[in-house]
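If you want the building blocks of each chain, they are given just below.
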Amino acid sequence: MRYLVVEDHIPLAQAMIERIRVEGHVADHAESLRAARAYLENNDYEMVMLDIGLPDGDGLEFLQRMRRERNGPLATTPVIMLTARSTVSDRIGSLDSGADDYVVKPFDFDELMARCRAIVRRRAGQASPTLHFADITLHPQGAQLCSPSGDFTLRKRELRLMELFFTAPQRILSKEYLHQQLFGLDDDASDNAIEVYIGRLRKKLVGSRAAIDTVRGVGYRLVCCAATP
């Protein structure tokens, strides 16, 4: 998944990005609201971590404006607000402005990532940390995929790719979108990298009623079908 960190305190931003990448995600960094808007208009993000106090404006006002843009890049993207303000009115203001969650600095990175996972699950209609589709189960925390043919430990990008399909079952995900979510600008990924990872996951789904279908010229989708031998 691809994250955008909007934070002008460079050491904190770098630490956050490092942790996000350790989790197997992709992260971009914007030091200002102007840079954040440019990133949002040119990339698809699964999560935005937005500081309230930025050099060129207020993060809450920025969020409010972009939530009002019905077809804008922040119309529905999950947002976690980052701030040193800790009063009840500050928390209420963040949530009423359209934030999905709110963390107070200094915060624990484990808690921050857990909050991100919880938001992604809620967006996908999954309350449990364990994800289900057809007759397969995904355990993101343990990187385990369980199917009728056996249990498999997934590598980081295999896991993130599987999560993308689980959070949007039956929906066609373009190759470009998947590439953007799995690889950062600095990653040396070949043009057929997505096909390689899709192929690995398909082998693990053999024997189950779940399959990754190719929609020629459009993308891929996770579908329910008859079990493959």
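These notes cover the structure that comes with them. (Residues numbered from 1 in each chain as written. Predicted model: local features only at pLDDT ≥ 70, side-chain atom pairs only at ≥ 80, totals over all residues. Heavy atoms only, no water.)

**Remarks on the overall build of the protein chain**
Part 1 of the argument: Counting its regular elements, the protein chain contains eight helices and 14 strands.
Part 2 of the argument: By the compact-globule yardstick of 17 Å for 229 residues, the protein chain fits well, its C-alpha radius of gyration being 18 Å.
Part 3 of the argument: Along the first, second and third principal axes, the C-alpha atoms of the protein chain reach 55 × 35 × 35 Å.
Part 4 of the argument: Counting across all 229 residues of the protein chain, residues that qualify as buried make up 48%.
Part 5 of the argument: The long-range share in the protein chain, meaning contacts at least 24 apart out of those at least 6 apart in sequence, stands at 56%.
Part 6 of the argument: Surface accessibility of the protein chain: about 11,200 Å² in total, with carbon and sulfur atoms responsible for 48%.
Part 7 of the argument: For the protein chain, the distance from the average position of its 30 positive side-chain charges to the average position of its 32 negative side-chain charges is 5 Å. (Helix = DSSP H or I, 4+ residues; strand = E, 2+ residues; numbered from the N terminus. Rg over C-alpha atoms; globule rule 2.2 N^0.38 Å. Buried < 20%, exposed > 50% of the residue type's maximum accessible area, 1.4 Å probe, protein only. Contact = heavy atoms within 4.5 Å. Areas by Shrake-Rupley, 256 points an atom, 1.4 Å probe, with all protein chains shown as cover. Lys, Arg positive; Asp, Glu negative; His and termini not counted. Charge placed at Lys NZ, Arg CZ, Asp CG, Glu CD.)

**With respect to the sheet that holds strand 11 (residues 150–153)**
Part 1 of the argument: Pairing is antiparallel across the open sheet formed by four strands, whose spatial order is 8-9-10-11. Looking at strand neighbours, the two that pair on one side only are strand 8 (131–133) and strand 11, the edges of this open sheet. Each strand of the sheet is rotated relative to its neighbour by a mean of 15°, with strand direction disregarded.
Part 2 of the argument: Looking at chain direction, strand 8 and strand 9 (residues 136–139) are connected through three bridges and run antiparallel. Along strand 9, the bridge assignment pairs L131 with L138. (Pairing = 2+ DSSP bridges. Axes fitted to C-alpha atoms, helices over the stretch in contact; angles between N-to-C directions.)

**Digging into the layout of surface pockets**
Part 1 of the argument: If you add up the space inside the largest pocket, you get close to 480 Å³.
Part 2 of the argument: Forming the boundary of the largest pocket are 20 residues, of which Y45, E46, P78, R171 and Y177 lie nearest the centre.
Part 3 of the argument: Each residue belonging to the lining of the largest pocket can be placed in one class, and the counts come to 11 nonpolar, five polar and four charged. (1 Å grid on protein atoms, 1.4 Å probe; cavity = no way out; pocket = protein on both sides within 12 Å on 5 of 7 lines; lining within 4 Å. Points joined across faces, edges and corners; volume = space filled by probe spheres on them. Nonpolar A, V, L, I, M, F, W, Y, C, P; charged D, E, K, R; others polar.)

**A word on the sheet that holds strand 13 (residues 210–215)**
Part 1 of the argument: As summarised here, the arrangement of the three strands in space is 12-14-13, forming an open sheet in which the pairing is antiparallel. Looking at strand neighbours, the two that pair on one side only are strand 12 (173–174) and strand 13, the edges of this open sheet.
Part 2 of the argument: Running at roughly 70° to strand 14 (residues 219–224), helix 6 (residues 156–166) makes contact with strand 12, strand 13 and strand 14 of the sheet.
Part 3 of the argument: In the packing of helix 8 (residues 193–205) onto the sheet, the strands contacted are strand 13 and strand 14, and the crossing angle to strand 13 comes to about 150°.

**Description of the environment of M49**
Part 1 of the argument: Tracing the chain through its elements places M49 in strand 3 (residues 47–51).
Part 2 of the argument: The exposure class of M49 is buried, given its relative accessible area of 0%.
Part 3 of the argument: Distance from M49 to V5, taken between C-alpha atoms, is 4.9 Å for residues 44 residues apart in sequence.
Part 4 of the argument: Discounting chain neighbours no more than four positions away, the residues touching M49 are Y3, L4, V5, V6, M16, I20, I80, L82, L112 and C116.

**Looking at helix 3 (residues 59–68)**
Part 1 of the argument: Along helix 3, the residues that are buried comprise G59, L60, F62, L63, M66 and R67. Viewed along the axis of helix 3, the buried residues span an arc of 160°, placing them on a single side of the element.
Part 2 of the argument: Near the N-terminus of helix 3, the side chain that reaches the backbone nitrogen of L60, with its oxygen 2.7 Å away, is that of D58. (Arc of directions from axis to C-beta. Polar contact = N/O pair within 3.5 Å; in protein donor to acceptor, adjacent residues only side chain to side chain.)

**Some thoughts on the side chain of S97**
Part 1 of the argument: Mapping S97 onto the fold places it in the loop between helix 4 (88–96) and strand 7 (101–104).
Part 2 of the argument: When its relative accessible area of 8% is taken as the criterion, S97 is described as buried.
Part 3 of the argument: A distance of 3.1 Å separates the side chain of S97 from the side chain of Q64, its partner in a polar contact.

**Let's talk about the nonpolar core**
Part 1 of the argument: Y3, M49, M162, F165 and L178 are the most contacted members of the largest nonpolar core, which totals 49 residues.
Part 2 of the argument: Listed in part, the 20 residues of the second largest apolar core include V6, F62, M81 and Y102. (Core = buried A, V, L, I, M, F, W, Y, C linked by side-chain atoms within 4.5 Å.)

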